[in-house]
Amino acid sequence: VGSEMCIRDSVTVSEPSGGISLSAVMYKSRAYYYVDLTWTGAGSASVDLYRDDSILITTPNDGAYTDNLGKSNGPYTYKVCEAGTAICSNSLTVP
């Protein structure tokens, strides 16, 4: 819309054993950066999302979450785990 600028970077990492697969798309809208995280393969009711090895949020296992980074564009490293377990995707870094 008007002066909106969008920059996208996309990364996908899959667990070799067919476990949890995590994808991320980083984009900029106006002056703010976002990362759309999507995942498949988690079997729990909720998942722990990690950014730079710290829990970002525990969220329902609906396969999607948007991380609002504000004006910082990273890089950031993400992984998703079944809540409260060590069953995790591989890590991925954006941008």
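Residues numbered from 1 in each chain as written. Predicted model: local features only at pLDDT ≥ 70, side-chain atom pairs only at ≥ 80, totals over all residues. Heavy atoms only, no water.

A. Broad picture of the overall build of the chain. Counting secondary structure elements, the chain contains zero helices and eight strands. When the helices and strands of the chain are read in sequence order from the N terminus, they spell out β-β-β-β-β-β-β-β. A total of 95 residues make up the chain; the buried ones form 36% of that total. Partitioning the contacts of the chain with sequence separation of at least 6, the portion at a separation of at least 24 is 46%. (Helix = DSSP H or I, 4+ residues; strand = E, 2+ residues; numbered from the N terminus. Buried < 20%, exposed > 50% of the residue type's maximum accessible area, 1.4 Å probe, protein only. Contact = heavy atoms within 4.5 Å.)

B. Structural detail: the environment of tyrosine 50. For tyrosine 50, the position within the fold is in strand S4 (residues 46–51). The spatial distance from the C-alpha of tyrosine 50 to the C-alpha of threonine 77 is 7.9 Å, given a sequence separation of 27 residues. Once residues lying within four places of it in the same chain are set aside, the contact partners of tyrosine 50 are Ile55, Leu56, Thr77, Tyr78, Lys79 and Cys81.

C. Main features of the state of the cysteines. A complete count under the given rule lists one disulfide for this structure. Each sulfur in the disulfide pair cysteine 81 and cysteine 88 lies 1.9 Å from the other. Handedness here is read from the sign of the S-S torsion; for cysteine 81 and cysteine 88, about 100 degrees, the answer is right-handed. The same class applies to cysteine 81 and to cysteine 88, which are both buried. (Disulfide = S-S within 2.5 Å.)

D. Looking closely at the packing of aromatic side chains. Taken as a whole and assessed by the stated rule, the structure comprises one aromatic pair. We note lysine 79 situated over the ring of tyrosine 50; from NZ or CZ to the ring centre the distance is 5.1 Å. (Phe/Tyr/Trp six-rings, centres within 6.5 Å; stacked < 30°, edge-to-face > 60°. Lys NZ or Arg CZ within 6 Å of the ring centre and 35° of its normal.)

E. Local environment of unusual backbone geometry. Following glycine 74, the chain continues into proline 75 via a peptide bond in cis, with omega recorded as 15 degrees. Looking at where proline 75 falls in the secondary structure, it is placed in the loop between strand S6 (64–70) and strand S7 (76–82). Of the consecutive residues valine 94 and proline 95, the connecting peptide bond is found in the cis state with omega at -5 degrees. Looking at the secondary structure, you find proline 95 in the segment after strand S8 (92–94). A positive phi is found at arginine 30, a non-glycine position, where the angle reads about 60 degrees.

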